[in-house]
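Architecture at a glance
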Amino acid sequence: MSEQDEFEQLDCSAVIADVWLMLDSECDEASRARLQRHLDECGSCLEAYGIEEKVKSLVNRKCGGEHAPESLRQRLSIELRRTILITNTEPES
């Protein structure tokens, strides 16, 4: 299986889980490229990425450039994932 085929099979929850790594520049270039390709092709993941990017920016602005405590980052991440899961599991009208 090629790397492209493997990437194509990533499900959106795996991509969203890794968005924070991308936002924090904590992933390697190959992972960043795979995530970016997925975001370029998947509107719902791109929207979730945008929300998480805005939350990160807001926390950064309000904390005066200080790093948020790890416990806060983990709680926010859990709440964002929970919100995304709830949003994604609601039936479409």
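The name an unreviewed UniProt entry gives the protein is Mycothiol system anti-sigma-R factor, with Rhodococcus koreensis as the organism.

Next up on the list: the overall build of the protein. A count of helices and strands for the protein gives five helices and zero strands. The secondary structure elements of the protein, listed N-terminal to C-terminal, are α-α-α-α-α. Within the protein, the proportion of its 93 residues that are buried is 23%. Contacts in the protein between residues far apart in sequence, at least 24 positions, make up 69% of those at least 6 positions apart. Counting only carbon and sulfur atoms, one obtains 52% of the accessible surface of the protein, whose full area is about 6,800 Å².

On to the confidence of the model for the protein, then. A residue-level look at the protein finds 75% of positions with pLDDT of 70 or above and a mean pLDDT of 76. Across the protein, the element-wise mean pLDDT spans from 49 in helix H1 (residues 3–8) up to 87 in helix H3 (residues 29–41).

Counting residues in hydrophobic clusters, the biggest one holds 14 residues, and the most contacted among them are Met22, Leu39, Cys45 and Tyr49. Residue assignment for this core shows that the elements contributing at least two residues are helix H2 (12–23), H3 and helix H4 (43–62).

Let us look at the environment of Leu39. One can find Leu39 in helix H3. Through-space distance from the C-alpha of Leu39 to that of Val19 is 9.6 Å; in sequence the pair is 20 residues apart.

Reading guide: rules and limits
Throughout, a residue's number is its position along its own chain's written sequence, starting from 1. Residues qualify for local features only when their pLDDT is at least 70, as the model is predicted, and side-chain atom pairs are given and counted only at 80 or more; totals for whole chains, interfaces and linings, by contrast, use all residues. Water and hydrogen atoms play no part in the side-chain values, which are based on all heavy atoms of the structure. Secondary structure elements follow DSSP: runs of H or I of four or more residues count as helices, runs of E of two or more count as strands, with numbering from the N terminus. Three labels apply to residues, based on accessible area from a 1.4 Å probe with only protein chains included: buried if under 20% of the type maximum, exposed if over 50%, partly exposed otherwise in between. Contact between two residues is taken to exist if any of their heavy atoms lie within 4.5 Å; hydrogens are not considered. To measure how exposed things are, a 1.4 Å probe is used in the Shrake-Rupley method; for residues, cover is taken only from the protein chains shown. As a per-residue measure, pLDDT reflects the predictor's confidence and takes values from 0 up to 100. We call a set of buried residues a nonpolar core when its members are Ala, Val, Leu, Ile, Met, Phe, Trp, Tyr or Cys and they connect through side-chain atoms within 4.5 Å of each other.

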